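Listed here are the chains, written in short residue letters.
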Amino acid sequence: MAARQTAPQEEPDMQHDRPDASHPPPADVTCAVTVLMPCLDEAATIGRCIDKARRFLQTHDIAGEVLVADNGSSDGSAEIATARGARVLHVQQKGYGNALMAGIAAARGEFVIMGDADDSYDFANLEPFVQALHGGFQLVMGNRFQGGIRAGAMPPLHRYLGNPLLSGVGRIFFNSPVGDFHCGLRGFSRQAILGLDLRSTGMEFASEMVVKASIEGLRITEVPTTLSPDGRDRPPHLRSWRDGWRHLRFLLLYSPDWLFFYPGIVLFAAGLMASAWLLPGPRTVLGLNLDIHTLLFAAAGMILGLQSISFAFFAKLYGMRAGFLPPTALGLKIAEKFRLEHGLILGLIILLGGISGSVFAVGRWGAEGFGDLVPGSMMRLIIPSATAVIIGVQITLSAMLLGVLQIPVRDHQIASKK
């Protein structure tokens, strides 16, 4: 393959729409690989990164381009990039995800290799990524822990806590094969990633790409890569605790099962079993006397557990309709089988049972002249009755909300009123 570099040019400012998988690549059949660099005030390092990437393409006889997605630099980064032979795309919508999605949409290569422009990644050694992409993998992640992290390149908090923790969560929640979720150097098939319809506009974009690729069953692999201390003359854009929480929050919100459903099931089941165990009378465990006070907390666990389970259904249906969550077998089954009337009937049956128990309790109180009663026996009637009333109302209202989420609607945009 003859080495052919796209002629450098600078593109006008743009407000971009989210691309979809039906968008064909820009017409340039000679371009095999786009090296994409998001950029925000990287004047100190952008030139070195471009030189390394262009040298790699030339050395390995690869027809490609270097594309810089500039996200509003004010330090001359865009001018440096153009002078070094890169194509510059100006992206006005702020955010790491916005810059990258605009760059991916504008890339001319069949494959895209993206990496930060801070000179911490080795753009001169991209051959493992290209080989894996030509081998049929659709997402090729760099793994810095396998390739080597040089002294001072990654803070200890990130190296020993943040990255292992977040990568572990991603592997468990989404059955992902990726061991370094947040490596900024990664290659992928342009069409495959556009087909994921990624929505995150900020730093969460990196996690969303891996999560959706795992869920959708893309062919994913990892290759070792090195991480060096960045060459910036300013503090990094990344903020450890803020951005770490944003990534963890994204992983949790993108997995309603782990955030809502599984904890809800455990809480509801534990509360139900504890309630059934304590209803006949007090119990003694390890010298502790468990009575109506423990029964009350067990009932609270049932209520909270059921609420968490219902939130899981709300999140799944809303996420699927909004295009943020991919359809799942369970979500589709709920949408197909659930009827508002089913939930209303179940909720009303449980509610009536709770009301009946409450009326019976009031009757017993009246039979005693509305005076003092033995708390132990009376509360064993009142607590289950009140719990049934609350759960009945919960199920009824949840059924109504699920019904609202299932109402067919046309796509529309909400215009702001001034």
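In this text the structure is predicted, and so the values were computed from the model without any measurement. Counting restarts for each chain, with residues numbered from 1 along the sequence as it is written. Residues qualify for local features only when their pLDDT is at least 70, as the model is predicted, and side-chain atom pairs are given and counted only at 80 or more; totals for whole chains, interfaces and linings, by contrast, use all residues. Excluded from the side-chain calculation are hydrogens and water; included are all heavy atoms of the structure.

**Some thoughts on the overall build of the protein**
Working step 1: When helices and strands are counted, the protein shows 14 helices and nine strands.
Working step 2: Exposure is judged per residue with a 1.4 Å probe applied to protein chains only, and the accessible area is read against the type maximum: over 50% gives exposed, under 20% gives buried, and values in between give partly exposed. Expressed as a percentage of the 418 residues in the protein, the buried residues total 46%.
Working step 3: Of all intrachain contacts in the protein linking residues separated by at least 6 positions in sequence, the fraction that spans at least 24 positions is 78%.
Working step 4: All accessible-area figures derive from a Shrake-Rupley calculation using a 1.4 Å probe, and residue coverage is judged against the displayed protein chains alone. Working note: accessible area of the protein is about 20800 Å², and carbon and sulfur atoms make up 63% of it. Counting from the N terminus, the helices are the DSSP runs of H or I reaching at least four residues and the strands are the DSSP runs of E reaching at least two. Two residues form a contact once any of their heavy atoms are found within 4.5 Å.

**Quick word on the packing of aromatic side chains**
Working step 1: Only rings of Phe, Tyr and Trp enter the pairing, Trp through its six-membered ring, and a pair is recorded when the two centres are within 6.5 Å. The plane angle decides the type: under 30 degrees is stacked, over 60 is edge-to-face, the rest tilted. Under the definition given, this model contains eight aromatic pairs.
Working step 2: Between the aromatic rings of Phe173 and Trp258, the centroid separation amounts to 4.9 Å while the plane-to-plane angle is 10°, which identifies the pairing as stacked. Here Phe173, found in helix α6 (residues 156-174), pairs with Trp258, found in helix α10 (residues 256-278); they are 85 residues apart in sequence, far enough to count as distant.
Working step 3: Judged by its relative accessible area of 19%, Phe173 is buried.
Working step 4: Relative accessible area serves as the criterion here: at 35%, Trp258 is assigned to the partly exposed category.
Working step 5: Both rings, one in Phe260 and one in Phe311, keep their centres 5.8 Å apart while their planes meet at 80°; by these two values the pair is edge-to-face. Separated by 51 residues along the polypeptide, Phe260 in helix α10 and Phe311 in helix α11 (residues 292-322) bring together distant segments of the chain.
Working step 6: Phe260 sits in the partly exposed class, given a relative accessible area of 22%.
Working step 7: A relative accessible area of 35% means that Phe311 is categorised as partly exposed.
Working step 8: By the ring-pair criterion, three or more aromatic residues cluster together here, those being Phe173, Phe174, Trp258, Phe261, Tyr262 and Phe313.
Working step 9: Both a distance and an angle decide whether a charge sits over a ring: NZ of Lys or CZ of Arg must be within 6 Å of the ring centre and within 35 degrees of the ring normal. Positioned above the aromatic ring of Phe137 is the side chain of Arg219, whose terminal nitrogen or guanidinium carbon lies 4.5 Å from the ring centre.

**Overview of the sheet that holds strand β5 (residues 139-143)**
Working step 1: One open sheet holds the seven strands; their spatial order is β3-β2-β1-β4-β6-β5-β7, and the pairing between them is mixed. With one partner strand each, in any of the chains shown, β3 (87-90) and β7 (220-224) form the two edges of the open sheet. If you compare each strand with its neighbour and ignore which way they point, the axes differ by 25° on average.
Working step 2: Relative to strand β6 (residues 186-189), β5 runs antiparallel, the two being bridged by three bridges. Counterpart to Val140 in the pairing with β6 is Gly187.
Working step 3: Axis angles are defined between N-to-C directions and span 0 to 180 degrees, where every axis is a line fitted to C-alpha atoms and, for a helix, only to the segment in contact. Across the sheet, helix α3 (residues 96-106) touches β1 (33-39), β2 (64-70), β3, β4 (111-114) and β6, and the angle it forms with β1 is around 155°. Whether two strands pair depends on DSSP finding at least two bridges between them.

**Regarding helix α8 (residues 205-215)**
Working step 1: Extensive coverage of α8 is indicated by the burial of ten of its eleven residues.
Working step 2: Burial in α8 covers these residues: Phe205, Ala206, Ser207, Glu208, Met209, Val210, Val211, Lys212, Ala213 and Ser214.
Working step 3: Of the residues flanking the end of α8, it is Gly217, one or two places downstream, whose phi is positive at about 80°.

**Quick word on the environment of Met378**
Working step 1: Tracing the backbone through its elements, the reader meets Met378 in helix α14 (residues 375-405).
Working step 2: When the C-alpha positions of Met378 and Ile292 are compared, they lie 9.7 Å apart, and in sequence the two are 86 residues distant.
Working step 3: The contact partners of Met378, leaving out residues within four places of it in the chain, are Ala361, Arg364, Trp365 and Leu373.

**Observations concerning the packing of helix α13 (residues 340-367) against α14**
A packed helix pair is summarised by two numbers, namely the angle formed by the two axes and the spacing between the axes.
Working step 1: Running from N to C, α13 and α14 cross one another at 155°; their axes reach a closest spacing of 7 Å. As the angle between them shows, α13 and α14 are arranged roughly antiparallel. Two packed elements cross with a definite hand, and for α13 against α14 that hand is left-handed.
Working step 2: In this classification, the charged set is Asp, Glu, Lys and Arg, the nonpolar set is Ala, Val, Leu, Ile, Met, Phe, Trp, Tyr, Cys and Pro, and all remaining amino acids, among them Gly, are polar. The residue inventory of the contact of α13 with α14, partitioned by class, reads 20 nonpolar, nine polar and one charged. For classification purposes, angles smaller than 35 degrees are called roughly parallel, those larger than 145 roughly antiparallel, those between 65 and 115 roughly perpendicular, and all remaining angles oblique. Crossings are classed by handedness, with left-handed meaning an anticlockwise turn of the near helix from the far one by less than a right angle and right-handed meaning a clockwise turn.

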